[in-house]
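# Structure assessment
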Amino acid sequence: MRVMIAFPRDGQTDKALVDAFKEAGHEVSSICAKREPTKLHTDIISKRGGIDFVLMSRTIELYPSFVLLKQKYPKMKFAIWNVDCRKTLEEWGLLVNFVREVDYYFTVAQGVIDRWKTVNPNTYWVPQGCYEKKYHEVIPTEEQKAKYICDVSFIGNCIDNIHTERRYLLETLRTSHFDFRHFQGIYDEEHNAAVACSKINIGVTHSPEISHYVSVRDWKILGAGGVLLEQYHDGLEEMFGGRVVTYTSPQDCIARIGDMLANYSQHKEDALKLSEWIQKSQRYVDRAHQIMGILEGTK
């Protein structure tokens, strides 16, 4: 199938999707949804409509090109894969109308399926996955060990006016007796080294009220063989066979860290088993096959 990927070019999800659909046997083109959204229609028109399926991010700037293409090529199929979560449909604003008009809508959280089906009946749960070419087990160098070795770490941003609960958790970890580090702006091999050097890697789910949702941060940690301690939400233990420990509050997080460090070898063994499973069956190419299976099954 001839596929167009329209995602922001951040070198992460977009690259993973292009590689995944190519590996799945499809002819793939791509444009940057953020910087050049109008290229969606100019590129496809230049190909004389030679695209069968367009997979788009939730970038609302793509909507005018989508409308133009849908009118010009009515047999072309369009889908949005939203890799973020919100508690209510109202928080998505204009995206709701966009979702209503596409052929398929994919969400990374099973817990929001029912509400989105009221907007688009062709709504499906397609979790993110691990970009195994970038996120995998590594042996850290001595220089990396000097930078990253610790008991506990969190990898990611903490923006004051956005991540209020996250900031409180990180402050609680900083004042604990554990060796805690906060790393920002590290990706790929440096990320994998930091995960390998940290005995426990903290996850902070954006919307813990939503079930069966795994952030891309967690996929990266688990794919790299890291021991993950994630905020509790329904479905997480089910998705990972009980091999991921969860916490319910900053104070509970501290208690869980103590327990996990006391039984670290078992948790590391579980993490390595999870990593092996993820590297075999929870990759972006597996998501590409899933998406194409949905298209085939709903013809």
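In what follows, the structure referred to is the one given above.
Residues numbered from 1 in each chain as written. Predicted model: local features only at pLDDT ≥ 70, side-chain atom pairs only at ≥ 80, totals over all residues. Heavy atoms only, no water.

Attention now goes to the layout of surface pockets. Empty space among the atoms can be located by rolling a probe the size of a water molecule over them. Taken as a whole, the largest pocket holds about 1,300 Å³ of empty space. What lines the largest pocket is a set of 40 residues, and nearest its centre among them are Asp-10, Asp-84, Asn-157, Val-216 and Arg-217. Elements that contribute at least two residues to the lining of the largest pocket include exactly α1 (13–23), β4 (77–82) and α9 (216–223). Considering each element in turn, the lining of the largest pocket owes the most residues, 3 residues, to α9. Of the residues in the lining of the largest pocket, the class split is 15 nonpolar, 15 polar and 10 charged. The calculated volume of the second largest pocket comes to roughly 400 Å³. (1 Å grid on protein atoms, 1.4 Å probe; cavity = no way out; pocket = protein on both sides within 12 Å on 5 of 7 lines; lining within 4 Å. Points joined across faces, edges and corners; volume = space filled by probe spheres on them. Helix = DSSP H or I, 4+ residues; strand = E, 2+ residues; numbered from the N terminus. Nonpolar A, V, L, I, M, F, W, Y, C, P; charged D, E, K, R; others polar.)

In this structure the tally under the stated criterion is 17 salt bridges. A salt bridge links Arg-256 to Asp-252; the nearest nitrogen and oxygen atoms lie 3.6 Å apart. Residue Arg-256 and its partner Asp-252 are located together in helix α11 (residues 250–262), separated by 4 residues, close to a single helical turn. Overall, the relative accessible area of 19% leaves Asp-252 in the buried class. Beyond isolated ion pairs, a larger network of salt bridges with shared partners links Glu-23, Glu-132 and Lys-133. (Salt bridge = Lys/Arg side-chain N within 4 Å of Asp/Glu carboxyl O. Buried < 20%, exposed > 50% of the residue type's maximum accessible area, 1.4 Å probe, protein only.)

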